[in-house]
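Descriptive analysis of the structure
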Amino acid sequence: MPVAIDTIDAIEKRISHFIETDLRVPADEIDPGANLGSFGMSSVAAVKLVGLLEDEFNKKLSPTMVYDFPTIASLAKAIAAVEPIRRSA
């Protein structure tokens, strides 16, 4: 199933915003192709980020995704490919 580009863009923007606000990295220094560790992403921050992304995009995500997909771009694509959680009516 193809993934909508706007979804990937939205996820990239949310990850970038997290890096800017929580890790205090200036926006102009955030490169979507750079390793998340280069922004000071700790394991605690990674778990927090995954939790925020789960809530915001309604998806069940593995806490290890940050390590499996270590750039903003690769993480956003991987998250966009995850099916949303189906809620009971």
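Cut-offs applied
Residues numbered from 1 in each chain as written. Predicted model: local features only at pLDDT ≥ 70, side-chain atom pairs only at ≥ 80, totals over all residues. Heavy atoms only, no water. Core = buried A, V, L, I, M, F, W, Y, C linked by side-chain atoms within 4.5 Å. Buried < 20%, exposed > 50% of the residue type's maximum accessible area, 1.4 Å probe, protein only. Helix = DSSP H or I, 4+ residues; strand = E, 2+ residues; numbered from the N terminus. Contact = heavy atoms within 4.5 Å. Expected span 1.5 Å × (residues − 1). Salt bridge = Lys/Arg side-chain N within 4 Å of Asp/Glu carboxyl O. pLDDT = per-residue confidence, 0-100.

Overview of the nonpolar core
I15, I19, L23, L36, F39, M41 and L75 are the most contacted members of the largest nonpolar core, which has 27 residues in total. If you list the elements that add at least two residues to this core, you get α1 (5–22), α2 (43–57), α3 (65–68) and α4 (72–80). When sequence neighbours within four positions are dropped, the list of residues in contact with L75 reads I15, L36, L49, M65, V66 and F69.

What to know about α2
With 15 residues, α2 should cover 21 Å at 1.5 Å per step; its first-to-last C-alpha distance of 21 Å lies within 8% of that length. All of the buried residues along α2 are A45, A46, L49, V50, L53, E54 and F57.

Focus: the pattern of salt bridges
Applying the stated criterion across every chain, the model contains three salt bridges. Note that R14 is salt-bridged to E56, the shortest N-O span being 2.7 Å. With R14 in helix α1 and E56 in helix α2, the pair connects residues that are 42 residues apart, well separated along the chain. Across the pair E54 and K60 runs a salt bridge, and its minimum N-O distance is 3.7 Å.

Section: unusual backbone geometry
Positioned with a positive phi, R24 is a non-glycine residue whose angle comes to about 55 degrees. Along the chain, the position of R24 falls in the loop between α1 and α2. The phi dihedral of N58 is positive, around 55 degrees, even though this residue is not glycine. Among the secondary structure elements, N58 is positioned in the loop between α2 and α3. Given a relative accessible area of 23%, N58 falls into the partly exposed group.

Considering the side chain of S16
Here S16 shows up in helix α1. Among all residues touching S16, those that are not within four sequence positions of it are I30 and I72.

Thoughts on the environment of H17
Structurally, the position occupied by H17 is in helix α1. Distance from H17 to A27, taken between C-alpha atoms, is 8.0 Å for residues ten residues apart in sequence.

Section: the confidence of the model for the protein chain
Atom-level detail of predicted coordinates should not be read off regions where pLDDT is low. Looking at the protein chain, the pLDDT average stands at 91 and 90% of residues meet or exceed 70. Per-residue pLDDT, averaged within each element of the protein chain, yields its smallest value for α1 (92) and its largest for α4 (96).

Overview of the environment of A34
Along the chain, A34 turns up in the loop between α1 and α2. Along the sequence, A34 and T71 sit 37 residues apart, while their C-alpha atoms lie 5.6 Å from each other. Setting aside anything within four residues of it in sequence, one finds A34 in contact with F39, P70, T71 and I72.

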